[in-house]
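# Inside the fold
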Amino acid sequence: MASKLWASRAASYFRISLFHRGFATVIKDFKYADSHEWAKVDGSSATVGITDHAQDHLGDVVYVELPEVGAAVKQGASFGAVESVKATSDINSPISGKVVEVNEELKNSPGLVNASPYENGWIIKVEMDNSDELKSLMDSDQYSKFCEEEDAKH
């Protein structure tokens, strides 16, 4: 932390622009939506959550709105929300299908989204309607580049 503060002060002194992001974890075999959700595919089902990049920008998550098991989700459409100390953000489904499981742990421990976005902080599991939808999602390299470009704009 001290080195980050020092680097920030040094950059300010020399009028250098620091790139504070770019260190977000991206999992190689996952698929990513441009709205910062991920899908881990296992056969005809997928586990869905928000990315490390998204949780980092949101800050401390204090509440996660979960759908009901059996609910239909549509690619690109909202199925819930994440509320943080900074903002409330919709969670969009990267794939279409039926919710077969929700992460009940998030009701009591929403901070799992921050602490472990790709493992314990998953949000829903979906039985996919159409695996061809995965073709419209980004792979890890594309998503990393997308995040870098997006952060450079801000």
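Position numbers for residues count from 1 along each chain, tracking the sequence in the order it is written. In view of the model being predicted, local features appear only for residues whose pLDDT reaches at least 70, and side-chain atom pairs are presented and counted only at 80 or more, with totals across whole chains, interfaces and linings using the full set of residues. Remark: hydrogens and water are excluded; side-chain values derive from all non-hydrogen atoms of the structure.

For the chain, an unreviewed UniProt entry supplies the name Glycine cleavage system H protein and the organism Abeliophyllum distichum. Taken verbatim from the UniProt record of the chain, the Subcellular location (unreviewed entry) comment is "Mitochondrion". UniProt positions are given in the numbering used here, feature names are shortened, and annotations may be inferred rather than shown by experiment. Taken directly from UniProt, the Sequence similarities (unreviewed entry) text for the chain runs: "Belongs to the GcvH family."

Moving on: the sheet that holds strand 2 (residues 37-42). The sheet built from six strands is open, its strands ordered 1-2-3-9-8-5 with antiparallel pairing. At either end of the open sheet lies a strand with only one pairing partner, and these are strand 1 (31-32) and strand 5 (72-73). One ladder, built from five bridges, connects strand 8 (residues 97-102) with strand 9 (residues 124-128); its direction is antiparallel. Bridged to Glu101 within strand 9 is Lys125. Pairing between two strands requires that DSSP report at least two bridges joining them. Comment: elements are numbered from the N terminus, with helices defined as DSSP H or I runs of at least four residues and strands as E runs of at least two.

Moving on: the environment of Pro94. Along the polypeptide, Pro94 turns up in the loop between strand 7 (88-92) and strand 8. Relative accessible area decides the class of each residue, using a 1.4 Å probe on protein chains only: under 20% of the type maximum gives buried, over 50% gives exposed, and in between gives partly exposed. Residue Pro94 is classed as buried on the basis of its relative accessible area, which comes to 1%. The contact rule is simple, with two residues in contact once any of their heavy atoms fall within 4.5 Å. Filtering out sequence-adjacent residues up to four positions away, Pro94 remains in contact with Ala33, Glu37, Trp38, Ala39, Val48, Gln75 and Leu137.

What UniProt calls "modified residue: N6-lipoyllysine" (unreviewed entry) maps, in this numbering, to Lys86. Relative to the helices and strands, Lys86 is located in the loop between strand 6 (78-84) and strand 7. Judged by its relative accessible area of 59%, Lys86 is exposed. Excluding anything up to four places from it in sequence, Lys86 contacts Asp56, His57, Leu58 and Gly59. As used in this structure description, the phrase polar contact means that two N or O atoms lie within 3.5 Å; if the pair is within protein, one of them must be able to donate a hydrogen and the other to accept it, and residues adjacent in sequence are counted only when both atoms belong to side chains. Only 3.4 Å separates the side chain of Lys86 from the backbone oxygen of His57, close enough to count as a polar contact.

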